[in-house]
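A look at the structure
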Amino acid sequence: EALYVPCSWKKSLGGALRTFEPLRSYTTSVSAEPFLNGTSSNYVEEMYYAWLENPRSVHKSWDIFFRNANAGVSPGSAYQSPPPLGGISSRFDVYICLPSPCPPSLSLPPSLFLPLSLSRITTSSLLTLYFVSSPLSSVSMVMMAGFYGLDESDLDKVFRLPTTTFIGGSESVLPLREIISRLEMAYCQSIGVEFMFINDLEQCQWIRQKFERPGVIMSVCLSVFEEFLQRKWSSEKRFGLEGCESLIPALKTIIDKSSMNGVESIIMGMPHRGRLNVLANVIHKELDQIFCQFDSNLEAGSGDVKYHLGMWHRRINRVTDRNITLSLMANPSHLEAVDPVVQGKTKAEQFYCGDTEGKRVMSILLHGDAAFAGQGVVYETFHLSDLPSYTTHGTVHVVVNNQVGFTTDPRVARSSSYPTDVAKVVNAPIFHVNADDPEAVMYVCNVAAEWRATFHKDVVVDLVCYRRNGHNEMDEPLFTQPLMYKQIKKQKGVLQKYSEKLLAEGAVSRQDYEEEIAKYDKICEEAHARSKDEKILHIKHWLDSPWPGFFNVDGQPKSMTSRSTGLPEEELVHIGYIASSVPVEDFTIHRGLSRILKGRATMVGQRVCDWALGEYMAFGSLLKEGTHIRLSGQDVERGTFSHRHHVLHDQKIDRRICIPMNHISPNQAPYTVCNSSLSEYGVLGFELGFAMASPNALVLWEAQFGDFHNTAQCIIDQFICPGQAKWVRQNGIVLLLPHGMEGMGPEHSSARPERFLQMCNEDPDTYPIFSAEEFAVRQLYDCNWIIVNCSTPLIVITPKSLLRHPEAKSSFDDMLPGTHFQRLIPDSGPVCENPEAVKRIVFCTGKVYYELTRERNNRGNDDTVAIARIEQLSPFPFDQVKVETDRYPNADLVWCQEEHKNQGYYDYVKPRLRTTVDRTRPVWYAGRGPAAAPATGNKAAHLVELQRFLDTAFNLDAFTEQS
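Residues numbered from 1 in each chain as written. Predicted model: local features only at pLDDT ≥ 70, side-chain atom pairs only at ≥ 80, totals over all residues. Heavy atoms only, no water.

**Some remarks on the pairing of strand S15 (residues 628–633)**
- With respect to burial, S15 is a largely interior element, 6 of its 6 residues being buried.
- Along S15, one buried face is formed by His 628, Arg 630 and Ser 632 and the opposite face, lined by Ile 629, Leu 631 and Gly 633, is buried too. (Buried < 20%, exposed > 50% of the residue type's maximum accessible area, 1.4 Å probe, protein only. Helix = DSSP H or I, 4+ residues; strand = E, 2+ residues; numbered from the N terminus.)

What follows is the structure in structure tokens.
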């Protein structure tokens, strides 16, 4: 555990900000420093400040400790035990300090070597066009020295440097004036570094070394100018990056350095600002394809605005001469929503190539300052960064810090000092850099890429810049930031600033500079001319996650068949016994779990499956065939309702587990089941990204309760539902949403199926014209919510009470070779004997079926009322529903549901039933009335409502007056 001693305070007009410095004592054990640990650091800090004001105000033992620590003695040696209660020992009467290894020189307070205040950095050097809070006063050398009990005469005295700093280079002593000057050069120029909050000594020393060595920034080779100029600045105004042009060389530097470190694939996510520039000048997308996006007559799918599109490209990195794959993910206007999606895809690529340490695949995330501080999904994504089943082993975050969010000033947009403060929760170092200094930008990005390669942790680069135009080129920023934008109008662009610097130094000639500008203008003009010849937008040009071999050249799946889902009985039995056993020796399970496993074994012997065992059969057979399965979500290992138990825990050995699903077959695919953090938005986005990487995997996210998906609504609305239409993006994500009205209150009752059904792109008033042989498969391909085909998402409304309902079981006969998923389950009871005599057919779905059959048996309506279960709601099984309605020509059509009338399935099903019968018969409703809440919180009221709509469903005269 890191040890801390009080270090300094940073002074500003608003008061003092107290800080701590990690103690750099590698030889002292924690036991030798019992009070210097993280839990007592606040107390130590208070004692220190009291001692600074008056050394006599603290106990003598503290006085001696602080004197010794300030003299450079390690805390383990500086600390002395308090005197006995009987009195003060004589050894406390004198000031004790170990001999200095450099007697001729003086020792400085270690706090002087804390990186200087970032507040002063932004005030004195970084481009700050207005102040978030009151302007901060600068601190002179004399004022700083005075704070530590020194005066101007001490500035030229030689002091011994502590071993924790690197500013001396090979020197161990320096004059105080030079010490302060070197610290200012390291931390008060174009770069500001936040890292003292990191509780790892090695990591802090690594960062110190990168920024404190004399002359390290100036050692950047001037040959970078050629690459810097080749970033094709002339095109950037067309793509909206004005004010932060350094982003392009920043990204290139990160990519080049990462390629040197062995990275082969980089997945990127970013907002709209500068997106087309990144596509053109970082990923190297053909310019004519970008210019085609300005032609409204060329579209692929329903399309999206050009600054939301992504792409995938494999090219040679010119610096390393190695292949590198770059993928920029398509994303909506919802800022930061793409963050967990990028992380999920990165994790998937690492998984499929066996990159367990993140050395071959990595991610880069770009952010805006306002969104980085304001969007909660940023925090959720950060907290996935070090979880075993979610870590991508370090992400480089680049913040384009415009110092304004649309029209909102930072002073009313965030409570933190900096937009990047959220990164501190995972101990990510933060490098603030003036974006008008391209050499400093590239140096910082080099360090960031090295950090990620060395420690495999997140790191943040904060490009402190400005936005030359408004939110877009048509926006007027002077309405809301008049003083700021008057200042911006006077600001020279970074290319002009840097070119003037190089021209003045003679590093480049005016002719060379102008030739480079003209050369890129010509490239753009030629590409624009070629774009006019394009007749169609090719899907392959805008895929961010291609699935090689899955589609034909025209974008159609190679296979349009739906094979049998059945299994040989011996395979069902084998998987069933794996599910009911502990395939690891000397493994002690809970007594209650033993009963559950015995129950599964009994079901296998009876040739039946409940939901949990059926899930085992499905997963186990896919794993045996070589299909990877990943199940993620809150408490999925056990299951919210204690039904799954895919991870067994040894009751005697801590953290010893067994996953029976990984013992199905010697050559099976791996099964990943992982409890997630308590997050829906971030985790569902992550799993969506994971599912993008390959069509040959089953990726599932289960909500703890179905209604919890509403905190991930952005991922559902902006990515899952319209992703294929907007971005021609395929995805096979599966959502498992527990649902059921069981008298347990408004929460946790409804998975809100009406929301998913409302987003279905199927026309309720048109009967599909497909042949009988291809009806089901063509429907699946054409609809945006698909049940079986992996290229489109699947939404499963899963049971709760039915997990243990004695009648909710299936026979092995329903799972043998030749069987298929049943989109509709018809009534196979007495009604089949005389269909013409049936007075009513009740269509339903889900748990209410068991309520209906029980009520029908109690009333003796087995031969007059038929009950059909629609298992696949979208796409709607028009063909099979028509078979049922034709079978009972004299029957009323009733839709029955346990949900309220304005919720559930009624509004979706009714027009489709009407279309099926060509509007020759009305469709009646039996269910709860409209309501604002999903369910009542009163158990008695719940039962009254249930009986009321059951009465309606079986009262054959209930709709006579409405006819």
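So much for the structure itself; the text now carries on.
**Observations regarding helix H6 (residues 176–187)**
- If you check H6, its first and last C-alpha atoms are 16 Å apart, about what 12 residues at 1.5 Å a residue would give, namely 16 Å.
- Inspection of H6 places Leu 176, Ile 179, Ile 180, Arg 182, Leu 183, Ala 186 and Tyr 187 among the buried residues, and these make up the whole buried set. All buried residues of H6 fall inside an arc of 165° around its axis, so they share one side. (Expected span 1.5 Å × (residues − 1). Arc of directions from axis to C-beta.)

**Overview of the environment of Asn 696**
- Along the chain, Asn 696 falls in the loop between helix H22 (681–692) and strand S19 (697–702).
- Along the backbone, Asn 696 and Gly 626 are 70 residues apart, and their C-alpha atoms lie at a distance of 8.8 Å.
- Filtering out sequence-adjacent residues up to four positions away, Asn 696 remains in contact with Thr 627 and His 628. (Contact = heavy atoms within 4.5 Å.)

**Comments concerning the nonpolar core**
- Phe 211, Leu 247, Ile 364, Leu 463 and Leu 735 are the most contacted members of the largest nonpolar core, which totals 114 residues.
- Considering every element that reaches this core, the biggest residue donor is helix H15 (residues 438–455), with 9 residues.
- When sequence neighbours within four positions are dropped, the list of residues in contact with Leu 735 reads Leu 684, Trp 701, Ile 716, Ile 720, Phe 756, Leu 794, Ile 795 and Val 796.
- By size, the runner-up hydrophobic cluster in this structure holds 32 residues, among which are Ile 578, Val 608, Leu 631 and Met 815. (Core = buried A, V, L, I, M, F, W, Y, C linked by side-chain atoms within 4.5 Å.)

**What about the sheet that holds strand S11 (residues 395–401)?**
- In spatial order, the strands read S6-S12-S13-S11-S10-S7-S9-S8; together these 8 strands make up an open sheet with mixed pairing. Two strands close off the open sheet at either side, each with one partner strand: strand S6 (191–194) and strand S8 (311–317). Recorded for the sheet is a direction-independent mean angle of 20° between the axes of neighbouring strands.
- Taken together, the 7 bridges between S8 and strand S9 (residues 322–328) define a ladder with antiparallel strand orientation. (Pairing = 2+ DSSP bridges. Axes fitted to C-alpha atoms, helices over the stretch in contact; angles between N-to-C directions.)

**Let's talk about the packing of aromatic side chains**
- One pass over the full model with this rule turns up 21 aromatic pairs.
- Look at Phe 705 and Phe 708: their rings are 6.0 Å apart centre to centre, the planes differ by 75°, and that puts the pair in the edge-to-face class.
- Overall, the relative accessible area of 16% leaves Phe 705 in the buried class.
- When the centroid spacing of 6.3 Å and the interplanar angle of 70° are considered together, the rings of Phe 876 and Tyr 908 count as edge-to-face. With Phe 876 in the loop between strand S25 (865–870) and helix H28 (878–887) and Tyr 908 in helix H29 (residues 906–916), this residue pair connects regions lying 32 residues apart in the sequence. The same class applies to Phe 876 and to Tyr 908, which are both buried.
- Every member of this aromatic cluster is reached through a ring pair, and the members are Tyr 767, Phe 876, Phe 878 and Tyr 908.
- Taking NZ or CZ as reference, Arg 630 lies 4.7 Å from the ring centre of Phe 690, over its face. (Phe/Tyr/Trp six-rings, centres within 6.5 Å; stacked < 30°, edge-to-face > 60°. Lys NZ or Arg CZ within 6 Å of the ring centre and 35° of its normal.)

**Considerations on the environment of Ala 186**
- Note that Ala 186 resides in helix H6.
- Not counting the four nearest positions on each side in its chain, Ala 186 is found in contact with Ile 191, Phe 211 and Glu 212.

**What to know about unusual backbone geometry**
- Each neighbour pair has its own omega, and for Ser 874 with Pro 875 the value is -5°, a cis peptide bond.
- Here the phi dihedral of Phe 406 falls at roughly 60°; this positive angle occurs in a residue that is not glycine.
- Following the sequence through the fold, Phe 406 ends up in the loop between S11 and strand S12 (430–434).
- Despite not being glycine, Asn 427 has its phi angle at roughly 60°, a positive value.
- Inspection of the secondary structure assignment puts Asn 427 in the loop between S11 and S12.

**Looking at the side chain of His 643**
- Checked against the element boundaries, His 643 lands in the loop between S15 and strand S16 (648–649).
- Owing to a relative accessible area of 10%, His 643 belongs among the buried residues under this scheme.
- His 643 has contacts with Arg 600, Ala 612, Arg 638, Leu 803 and Arg 804, leaving out every residue within four places of it along the chain.

**Section: helix H30 (residues 939–954)**
- A rise of 1.5 Å per residue sets the reference length of H30, with its 16 residues, at 22 Å; its end C-alpha atoms lie 23 Å apart and thus fit the reference within 8%.
- Looking only at H30, the buried set comprises His 942, Glu 945, Leu 946, Phe 949, Leu 950, Ala 953 and Phe 954. The buried residues of H30 occupy an angular sector of 155° when the element is viewed end-on, so they sit on one face.
- In this structure, the buried residues of H30 make contact with strand S24 (840–844), helix H27 (848–859), S25, strand S26 (892–900) and strand S27 (923–928).
- Between a side-chain oxygen at the N-terminus of H30 and the backbone nitrogen of Ala 940 the separation is 2.9 Å; the capping residue is Asn 938. (Polar contact = N/O pair within 3.5 Å; in protein donor to acceptor, adjacent residues only side chain to side chain.)

**Focus: the pattern of salt bridges**
- In the structure shown here, the tally under the stated rule is 42 salt bridges.
- One salt bridge connects Asp 421 with Lys 424, and the closest N-O pair in it is separated by 3.6 Å.
- You can call Asp 421 buried: its relative accessible area is 18%.
- Judged by its relative accessible area of 29%, Lys 424 is partly exposed.
- As a salt-bridge pair, Arg 655 and Asp 654 come within 3.8 Å of each other at their nearest N and O atoms.
- Because the salt bridges share partners, they merge into one network encompassing Lys 847, Glu 851, Arg 854 and Glu 898. (Salt bridge = Lys/Arg side-chain N within 4 Å of Asp/Glu carboxyl O.)

**Examining the packing of helix H19 (residues 569–579) against helix H21 (residues 611–625)**
- Closest axis-to-axis distance for the H19/H21 pair is 9 Å, and the angle between their directions is 110°. Considering the angle they form, H19 stands roughly perpendicular to H21. H19 and H21 meet at a crossing whose hand is right-handed. Where H19 approaches H21, its residues Glu 571, Leu 572, Ile 575, Gly 576 and Ala 579 are matched on the opposing element by Leu 613, Tyr 616, Met 617, Gly 620, Ser 621 and Lys 624.
- Here the residues of the contact of H19 with H21 are counted per class, giving 6 nonpolar, 3 polar and 2 charged. (Parallel < 35°, antiparallel > 145°, perpendicular 65-115°, else oblique. Left-handed = near helix turned anticlockwise from the far one by under 90°. Nonpolar A, V, L, I, M, F, W, Y, C, P; charged D, E, K, R; others polar.)

**Section: the sheet that holds strand S23 (residues 824–825)**
- Spatially, the 5 strands line up as an open sheet ordered S23-S25-S24-S26-S27, and their pairing is mixed. Of all the strands in the sheet, just S23 and S27 have a single pairing partner and so form its edges.
- Across the sheet, H27 touches S24, S25 and S26, and the angle it forms with S25 is around 170°.
- Set on the sheet, H29 makes contact with S24, S26 and S27; between it and S27 the angle comes to about 165°.

**Details of the side chain of Glu 855**
- Mapping Glu 855 onto the fold places it in helix H27.
- Residue classification places Glu 855 among the buried residues on the basis of a relative accessible area of 9%.
- Reaching out from Glu 855, the side chain makes a polar contact with the side chain of Arg 859 at a distance of 2.8 Å.
- Among all residues touching Glu 855, those that are not within four sequence positions of it are Gln 947, Leu 950, Asp 951 and Phe 954.

**A short note on the environment of Ala 449**
- Here Ala 449 is to be found in helix H15.
- Accessibility expressed as a relative area gives 2% for Ala 449, which makes it buried.
- When the C-alpha atoms of Ala 449 and Thr 253 are compared, they prove to be 8.3 Å apart, with 196 residues separating the residues in sequence.
- Apart from the residues within four sequence positions on either side, Ala 449 is in contact with Ile 254, Lys 257, Ser 258 and Asn 261.

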